[in-house]
Amino acid sequence: MKRSTMTLKLKLMAAVILLPLFGHANMTVRNQTPYTAQYVIKKGDMVIARLPGIAPGAQMLIPTDSTYEVTASAVINGNTYTSAPLAVTGPMGFLAQVVQNPSQGIYEFNVVEIPTSKPNALIFEKTCLGPVVFTITKDGRPVQNVVVNNSFETQELFIDDVYYIYAVINGVTTDVYTTTNPNATITATVDHSDLGPGYFSLVID
C-alpha cells in the first residue's frame, strides 16, 4: 500500500513539474485612447505581431510562443517561384537555391535549412541569381520580409528574449518600449504629462 501511494505521489509530482512546459504565453494589448491603436511587437529583430488596429476600449491576446514559417520567392526568367514553407524552430539558417532535377530534366527552386553559428539569430542566404525575398508568416499571414540581393550574402534577424513594442495612434507613433515578460500587459493611454495634447504612451505591467 505504501509503495502504491508513493508511486501515485511521484506521478502527481511529475504532472505538476511538467505542467508549465505545456503552458501558453500571451501578451495582452489594450487601448485606452479615443483612437484606433495599431500595435507592432518584435522579439529581438523578428516581428511577431503587426496588428491591423484595436478599437478604443478593446483588448487582444497575442501569443508569444506561436510557431512561424519561412518561405522564399524569386523571379527567374520572368516567372515567380515560391518555395514550400519551413518551420522556424529557433536559431537556424535558411538557404534559397535553384537545384537540378535530372530525372525530370528541370530545375527546382527551394529553401533548405543550413547550420548557423549564431546562437540567437535567423540567417538568410541564397545562391541563385536575382534577389530573393524571404517571408516570415504567422498563422498563414506574413509579418516580415527579409531581402537578400547578392549570392552568399548573409542577412540576420536576432531573436533574443527582449520584446520591443510600439503603437501607431491617430497617425502618431509612440516611443519603443521594452519588456522581457512574454505575458506582459501593454496599455495604450493618452499622455497627460507636460508634452502637450495629442501625445500617447504605453504602460507595461
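Rules used in this analysis
Residues numbered from 1 in each chain as written. Predicted model: local features only at pLDDT ≥ 70, side-chain atom pairs only at ≥ 80, totals over all residues. Heavy atoms only, no water. Helix = DSSP H or I, 4+ residues; strand = E, 2+ residues; numbered from the N terminus. Buried < 20%, exposed > 50% of the residue type's maximum accessible area, 1.4 Å probe, protein only. 1 Å grid on protein atoms, 1.4 Å probe; cavity = no way out; pocket = protein on both sides within 12 Å on 5 of 7 lines; lining within 4 Å. Points joined across faces, edges and corners; volume = space filled by probe spheres on them. Nonpolar A, V, L, I, M, F, W, Y, C, P; charged D, E, K, R; others polar. Pairing = 2+ DSSP bridges. Axes fitted to C-alpha atoms, helices over the stretch in contact; angles between N-to-C directions.

### Quick notes on the environment of F200
Relative to the helices and strands, F200 resides in strand β18 (residues 200-204). With relative accessibility at 9%, the residue F200 sits in the buried group. As a C-alpha pair, F200 and I169 span 31 residues in sequence and 7.5 Å in three-dimensional space.

### Considerations on the layout of surface pockets
Considering only enclosed or pocket space, the largest pocket measures out at about 260 Å³ in volume. Those elements that provide at least two residues to the lining of the largest pocket are β3 (46-50), β4 (59-63) and β12 (141-148). Its residues placed into classes, the lining of the largest pocket shows nine nonpolar, no polar and four charged. Volume-wise, the second largest pocket comes out at about 210 Å³. Lining the second largest pocket are K43, M46, I48, T64, D65, S66, Y68, V88, T89, G90, P91 and I159. Along the lines of polarity and charge, the residues of the lining of the second largest pocket split into six nonpolar, four polar and two charged.

### Describing the sheet that holds β18
Ordered in space as β4-β1-β17-β18, the four strands form an open sheet in which the pairing is mixed. Looking at strand neighbours, the two that pair on one side only are β4 and β18, the edges of this open sheet. With strand direction ignored, the average angle separating the axes of adjacent strands in the sheet is 20°. Across four bridges, strand β1 (residues 26-31) lies against strand β17 (residues 185-190) in parallel orientation. In the strand pairing of β17, N31 is matched with A188.

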